[in-house]
Amino acid sequence: MVTDQLMVNMLLIKKLKSVNQMKEKCSLDKLPIGITGIVDRVNCNENIKNRIFDFGIMENSLIVPLFSSPFGDPSAYLVKNAVVALRKNDCKDIIVTPV
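Right, let's walk through the structure included here.

Conventions used here
- Residues numbered from 1 in each chain as written.
- Predicted model: local features only at pLDDT ≥ 70, side-chain atom pairs only at ≥ 80, totals over all residues.
- Heavy atoms only, no water.
- Helix = DSSP H or I, 4+ residues; strand = E, 2+ residues; numbered from the N terminus.
- Buried < 20%, exposed > 50% of the residue type's maximum accessible area, 1.4 Å probe, protein only.
- Contact = heavy atoms within 4.5 Å.
- Areas by Shrake-Rupley, 256 points an atom, 1.4 Å probe, with all protein chains shown as cover.
- Pairing = 2+ DSSP bridges.

### Some thoughts on the overall build of the chain
Per the secondary structure count, the chain includes three helices and six strands. Helices and strands in the chain line up, N terminus first, as α-β-β-α-β-β-β-α-β. Across the 99 residues in the chain, those meeting the buried criterion constitute 33%. The long-range fraction of contacts in the chain, counting pairs at least 24 apart against all pairs at least 6 apart in sequence, stands at 56%. Summed over all atoms, the accessible surface of the chain reaches about 6,700 Å², with 57% contributed by carbon and sulfur.

Structure, rendered in structure tokens:
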């Protein structure tokens, strides 16, 4: 019988292994929940790019995925002490480096 604490520990180990393998740049939608990333570039069209910049998401800013909605889209991100929601289509064009 697996205890709750053992299950939590196994999930944490699995998450740490995935983070250790993830040292290179990726799109924001691939960044694991709770892992801080630094924005390298935003490759969206101008209308979306202006909206994303208004949220405070620009080059060299920190961003942390907090959680996703029950169906996975949109997801919530912490940016400059504010929580913003972004759709996966928009997140695919934001390139980040995990910290």
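### Some points on the pairing of strand E3 (residues 62-68)
Pairing analysis gives two bridges linking strand E2 (residues 37-42) to E3, with the strands arranged antiparallel. Paired with Gly37 across the bridge in E3 is Ile63. Here E3 pairs with strand E4 (residues 75-79) via four bridges, running antiparallel. Within the sheet, the bridge partner assigned to Phe67 lies in E4 and is Ala76. Where E3 hands over to E4, the hairpin turn is made up of six residues, of which Gly72 adopts a positive phi near 90°.

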